[in-house]
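Each chain is listed here by its residues.
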Amino acid sequence: MRPFAPITGDPIDRSRFPVDEWALIETRFSADDLGVTESLFSIGNGYLGLRGNYSESRDAHVDGTFINGFHETWPILHAEEAFGLARVGQSIVNVPDAKVIRLYVDDEPLELSSADLLEYERRLDFRTGVLTRELVWRTPSGKRVKISTRRMVSFTQKHVASIEFAVTLLDGRAPVQISSQLLNRQDRDLEHPAIETPSGTIADPRKAERLGRRVLLPEVSEIGETTGRMRLGYRCAESGMTLGVSADHTLEAPAEVSTQLHCEDDLTKIIYRTHLEAGQTLRLTKLVSYHTAHRVPARELLDRCERTLDRVGEDGLARLQADQREWLAAFWKRADVRIHRQPELQQAVRWNLLQVMQAAARAENQGIAAKGVTGSGYGGHYFWDTEIYVLPFLTYTSPYAARNALRFRYQLLPHARRRAREVSQKGALFPWRTINGHEASAYYAAGTAQYHIDADIAYAISQYVDATGDTDFLWREGVDILVETARLWADLGFWRRDNGTSSFHIHSVTGPDEYTTVVNDNMFTNTLARFNLRRAAEAVHEIRSEDPDAYDDLVRRTGLTDDEVEEWADAARGMSIPFDKKVGIHPQDSRFLDREMWDLENTPVSSRPLLLHHHPLVIYRFQVLKQADVVLALFLQSEEFSLEEKLADFRYYDPITTGDSTLSAMVQSIMAAEVGYHELALQYFLQALYVDLTDLHANTADGVHVASVGGVWCALVNGFGGFRAKGQQCWAFDPRLPDDWEGLDFRLNLHGTRLGVELTRDQIRFEIEDGPGPLTLVVRDEEVVVAPGEPVTVALPDQGPRIDGRPPNPAGTVRADGTAISSTVPHAD
């Protein structure tokens, strides 16, 4: 039972955020939710991200500029030591801020929280990726000033951002001063630390670590006497990573301008002073380039910045913006999802989809962080979220980005091999959370013990290869991951004989549900490990039969033996998948049903999320879920379970799932749709859709929930669209359109062919929009072939089973031993 009230109607304040299907618009400034709006209006390209801060104002929750993977390290200190615990802490760094452009009129600064604003509008345009803002400020002396800003992080030029700042005096005459800066906030904020309001009774473990020492060691600080080009270069004190940032300025002024330059270790600025008459405009264009590396000297990185600025400057800002529009037009053409005649939902869907690309498009040699480049939440770490919630969208709409993300995992394989040895296992164990490849989770029970990340990565590789046909990636790199992860499962598990039958078991692991830890035979882990073992064996056999030379290379790289492959196949066939015949469900683990239930219906909202109000041991003693676990396995391995099994499992687990994790709603929506809980499916979809747009979990200020925004696509396409990939080139559809939706359309990239899918109440239509085709599809067991220029329409007699309401509370269920499962709220009184 979730603490969120059902979303009925439009949950957004439309007097402040009006509906526009192609933009997020704000028409009224508020200082009450600065952190949230900073995240919502962030812009980025997967490498570089600028939070939606105000250039000229000090009003901010967190002034942030982030570069994916640029991090500092520190030794993790454990109060009680143990062998193999995580040793290297990692945290994303707030890099020098180029957004700062202070404005003074009549020597009075513009501070939005105290300014007399006659007009205000801020707009993030989904088709241009440009953040604009227009306001009219009445100064203390009564003069009206119009300020227009445009901010863009380029998708086509990875290292480039542009900022335009225009000041128009609407009446009178006044002295105007602009101060454009590069400011190292990471270390200056040590002198003026931000005050954060805790979201619970303890420090929120989802927030980033705050380092109480200098992080960025200055190496270069310069500003050109004639050009005004700013240059700052740094090296991280412990990680050794280096950074260079450089900025150029172009000023258009109607009158004479005086210029003053200032430079110190953590600040460079150029100050422009002039006088404006009524109707005159002072316009500043700031072009910025960032480059980072692991060991390259900062001065060399600054040389790269200068070459980037020179090249982009020669092409001109208009070209940069045109390339951006063209890039996004191509993105929407292949990735847009339309909900017919639902403008409020359409706006939210497009905002969510844009966020995925802002987190992933140019991530390239890095992973995709839990908050993308919109904030420092979770320390900028990469989790298993990427493979399960983000990569499906990328795989089927922007496969190049999915390939980059998987290649990043391949680059971490040496670290994963070493980590497996540390925990006395063969093969490779990928870190549950990391930036640089080292495990960064200091709490092993809910972190390192989540060995399922190995299978999650294997699943994503298989999904990508099956969708794209990219055997080059599989045979050269992907198969190495499949081999090493299969080795880990084969070594970690063991055989047990019971009643004449042998079965394969995996003990002492944690599944996706972090409220139940270090268990035996976690159903999700075993189910995905079975897939991992099976897929690894299939891939090896495929390579050996189709390309013997590639197979020989694989053996050389990994030391693979034939016996191993047979061992994996045997382990997959014998894998223990817990099932309780008396209760009629798959228990989350071998002892899950022995616990009593947490009475969520009578748990006060003030005590949620549970992790911030109860000791972990208290939570672990109960049947209570932070997020979907068994239900997620039912979705990812859909073909392994019957509809009856899915319904029984969903009915049992849904009422005891707290939704304390933003990862849960989309999975609950998909499975609710499949088994027939159509009203609940829509409710969960809306919760996923508005996680950030309405700050549903009260932590959007820390950054956008990237896994959740990726999950929105899954809920639409896999849930309501009923799309399932069932192996190599087997794509099936069993739609579940909500009752009050007229239609839904989306696109899928399948083996280089873009397939358009349009779903209405009585039919589903397929058309090849681009690519060679043909494609063979299955609609509710009916096979259809779609060829170029030959759309296919399949009639739908219904939208699947329909069950009203929500599942009843399973408290009182009788166990196999005859005892009834009780339900309570733990407390000391």
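Located above this text is the structure these notes cover.
Fair warning: this is a prediction, and the values are worked out from it, not measured in the lab.

Taken together, the 5 strands give an open sheet; going across it, the order is β19-β26-β27-β28-β31, and neighbouring strands pair in antiparallel fashion. Each edge of the open sheet is held by one strand with a lone partner, namely β19 (338-339) and β31 (792-795). Alignment of strand β27 (residues 753-760) against strand β28 (residues 763-770), held across 6 bridges, turns out to be antiparallel. Note that in β28 the partner of Leu 759 across the bridge is Ile 764.

A general trend in soluble globular proteins is that nonpolar side chains are found buried together. Of all hydrophobic cores here, the largest spans 233 residues; its most connected members are Leu 394, Phe 685 and Phe 733. Among the elements that make up this core, the one with the highest residue count is helix α10 (residues 471-492) (12 residues). Core analysis: the second largest hydrophobic core is formed by 9 residues, Trp 598, Leu 600, Leu 610 and Ile 619 among them.

Glancing now at helix α11 (residues 523-546). For α11, built from 24 residues, the straight-helix expectation of 34 Å at 1.5 Å per residue is met to within 8% by its first-to-last C-alpha distance of 34 Å. Along α11, 18 of the 24 residues are buried, which leaves the element largely enclosed by surrounding structure.

Before going further, it helps to examine the packing of helix α5 (residues 343-360) against helix α18 (residues 678-689). Running from amino to carboxyl end, α5 crosses α18 at an angle of 55°, the nearest separation of the two axes being 10 Å. Judged by the inter-axis angle, α5 sits oblique to α18. Residue-level contacts link Leu 345, Ala 348, Val 349 and Asn 352 of α5 to Phe 685, Leu 686, Ala 688 and Leu 689 of α18. Residues belonging to the contact of α5 with α18 are distributed by class as follows: 7 nonpolar, 1 polar and no charged.

What follows concerns the pattern of salt bridges. Summed over the entire model, instances satisfying the criterion amount to 71 salt bridges. As a salt-bridge pair, Glu 134 and Lys 146 come within 3.8 Å of each other at their nearest N and O atoms. Placement of Glu 134 in strand β9 (residues 130-138) and of Lys 146 in strand β10 (residues 144-153) is noted, with a sequence separation of 12 residues between them. Classification of Glu 134 as partly exposed rests on a relative accessible area of 35%. When its relative accessible area of 34% is taken as the criterion, Lys 146 is described as partly exposed. One salt-bridge network, held together by shared partners, links Glu 222, Arg 229, Arg 231, Asp 248, Arg 299, Glu 306 and Asp 310.

Pairing within the open sheet is antiparallel, and its 5 strands lie in the order β7-β6-β12-β17-β16. Where the open sheet ends on each side, the last strands, each with one partner, are β7 (108-109) and β16 (258-264). Bridge analysis of β16 against strand β17 (residues 267-277) gives 7 bridges, and the strand direction is antiparallel. Counted as the bridge partner of Ser 258 is Arg 273 from β17.

On inspection of all chains with the given rule, the structure shows 26 aromatic pairs. Here Trp 22 and Trp 332 contribute two aromatic rings whose centre-to-centre distance is 5.3 Å and whose plane-to-plane angle is 85°, an arrangement assigned as edge-to-face. With a gap of 310 residues between them, Trp 22 in the segment before β1 (23-26) and Trp 332 in helix α4 (residues 317-335) connect regions that are remote in the sequence. Like Trp 22, the residue Trp 332 is buried in the burial classification. Measuring from ring centre to ring centre gives 5.3 Å for Tyr 652 and Tyr 653, while their planes differ by 75°; the resulting arrangement is edge-to-face.

Criteria and cut-off values
Residues numbered from 1 in each chain as written. Predicted model: local features only at pLDDT ≥ 70, side-chain atom pairs only at ≥ 80, totals over all residues. Heavy atoms only, no water. Pairing = 2+ DSSP bridges. Helix = DSSP H or I, 4+ residues; strand = E, 2+ residues; numbered from the N terminus. Core = buried A, V, L, I, M, F, W, Y, C linked by side-chain atoms within 4.5 Å. Buried < 20%, exposed > 50% of the residue type's maximum accessible area, 1.4 Å probe, protein only. Expected span 1.5 Å × (residues − 1). Axes fitted to C-alpha atoms, helices over the stretch in contact; angles between N-to-C directions. Parallel < 35°, antiparallel > 145°, perpendicular 65-115°, else oblique. Contact = heavy atoms within 4.5 Å. Nonpolar A, V, L, I, M, F, W, Y, C, P; charged D, E, K, R; others polar. Salt bridge = Lys/Arg side-chain N within 4 Å of Asp/Glu carboxyl O. Phe/Tyr/Trp six-rings, centres within 6.5 Å; stacked < 30°, edge-to-face > 60°.

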